[in-house]
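Remarks on the overall topology
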Amino acid sequence: MKIKTYLFFGLISGFISAIFEAIMFYLYDVASTLSPGYQFTAIGMRLLKISGIYGELYGLLLHFLVGTVVGLFAALISYYIPHLRINATMAGLGRGILAGFLILLVFSLPVNIFLLHLYVYEKYYIPSTFFYYTMHIFYGAVWGIFLGFFSSRHIIKK
């Protein structure tokens, strides 16, 4: 498969994964009796100094943008390391979980600790922090599954 096609699939998979992850964050907020979109509002307030519904909207859009770009970079790395290349759905699950764990360690923790100082470290307790961290693993798993699905369908068509 050509690299452009693989990276395009990685980009789309990253966007889809960011949507699924956002849904899980909203569900967690509702289950935790927080206002829905609490994390996205915090992102809008911290980065853009916008509060309320617009802060939540811009925070959500930033989340989608970052998730899409991270999906692209994860695909770039997996393409150039042959053992990590994803060409089937089940292979994508395992490699996606690994990617999600690495995304958490290399990208998300430093950004959240040094740039955003998000609510996980302010108002939440251990179960919510655990949930927040596992969402990155979830993101990676969904990303890998979709990248594997798209890649396997593209290979079959050729």
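Our subject is the structure listed above.
Further remarks concern the overall build of the protein chain. Looking only at helices and strands, the protein chain features 5 helices and 0 strands. If you list the helices and strands of the protein chain from N to C, you get α-α-α-α-α. Considering the protein chain as a whole, with its 158 residues, one finds that 42% of them fall into the buried category. The contacts of the protein chain with a sequence gap of at least 6 include a subset with a gap of at least 24, amounting to 74%. For the protein chain, the accessible area works out to roughly 8700 Å², and carbon and sulfur atoms hold 77% of it.

Moving on, we get to the nonpolar core. Within the largest apolar cluster, 13 residues are counted, with the highest numbers of intra-cluster contacts made by Y6, A75, I86, Y139, W143 and L147. Counting only elements with at least two residues in this core, the list comes to α1 (3-31), α3 (52-80), α4 (89-116) and α5 (126-157). Counting residues per element, this core draws most heavily on α3, which supplies 4 residues. Setting aside anything within four residues of it in sequence, one finds L147 in contact with Y6, F9, G10, S13, A75, S78 and I86. If you look at the next biggest cluster of nonpolar residues, it comprises 11 residues, including A18, A22, F64 and M135.

Conventions used here
- Residues numbered from 1 in each chain as written.
- Predicted model: local features only at pLDDT ≥ 70, side-chain atom pairs only at ≥ 80, totals over all residues.
- Heavy atoms only, no water.
- Helix = DSSP H or I, 4+ residues; strand = E, 2+ residues; numbered from the N terminus.
- Buried < 20%, exposed > 50% of the residue type's maximum accessible area, 1.4 Å probe, protein only.
- Contact = heavy atoms within 4.5 Å.
- Areas by Shrake-Rupley, 256 points an atom, 1.4 Å probe, with all protein chains shown as cover.
- Core = buried A, V, L, I, M, F, W, Y, C linked by side-chain atoms within 4.5 Å.

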